[in-house]
Amino acid sequence: VEKARGLGAIVTARVYVAAPKIKEWQIAIAGHRLVPVVVEKRRGRDDVDFRLMIEAMDLLHNSGLDGFCIASSDGDFAPLAERIRATAHALYLFGEKKTPDGYRKIAHEFFEIAQVAARH
């Protein structure tokens, strides 16, 4: 979170969480000024991903933001990342070592979470 704050002013900082996992995420995000967006799982395992993508597209088109940070190692977010890049917004990705190389390359800069955490 601190690394993202160093990239610019954060207007919206959200964590998308499936309802059954909210208690463990509340502990993890405590003190980081992140807003949990709790998603009820109705249709399957991708409900949380869909919610994040829809809200990111809303922000992309309606907010006047200069850039985005996405913290996920999930290469399924590559189309969202490509769309953000296509609009000339800055895009920073944070992920684990396992993050697919093609997804990493979409970003202006990729940060490996373990390395960032070790520095703070």
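Reading guide: rules and limits
- Residues numbered from 1 in each chain as written.
- Predicted model: local features only at pLDDT ≥ 70, side-chain atom pairs only at ≥ 80, totals over all residues.
- Heavy atoms only, no water.
- Pairing = 2+ DSSP bridges.
- Helix = DSSP H or I, 4+ residues; strand = E, 2+ residues; numbered from the N terminus.
- Axes fitted to C-alpha atoms, helices over the stretch in contact; angles between N-to-C directions.
- Buried < 20%, exposed > 50% of the residue type's maximum accessible area, 1.4 Å probe, protein only.
- Contact = heavy atoms within 4.5 Å.

**Student:** What is the right way to read the sheet that holds strand E4 (residues 90–95) from this model?
**Tutor:** To summarise the sheet geometry, strands pair through backbone hydrogen bonds and adopt either a parallel or an antiparallel arrangement. The strand order across the open sheet formed by 3 strands is E3-E4-E5, and the pairing between neighbours is parallel. Two strands close off the open sheet at either side, each with one partner strand: strand E3 (67–71) and strand E5 (109–112). In this sheet, adjacent strand axes meet at a mean angle of 15 degrees when their direction is disregarded. The pairing of E4 with E5 spans 4 bridges and is parallel.

**Student:** What exactly am I supposed to notice about the environment of Arg83 here?
**Tutor:** The residue Arg83 is located in helix H4 (residues 78–86) in this model. Owing to a relative accessible area of 34%, Arg83 belongs among the partly exposed residues under this scheme. For the pair formed by Arg83 and Ile70, sequence separation is 13 residues and the distance between their alpha carbons is 13 Å. The contacts of Arg83, once residues within four sequence positions are left out, are Met57, Leu60 and His61.

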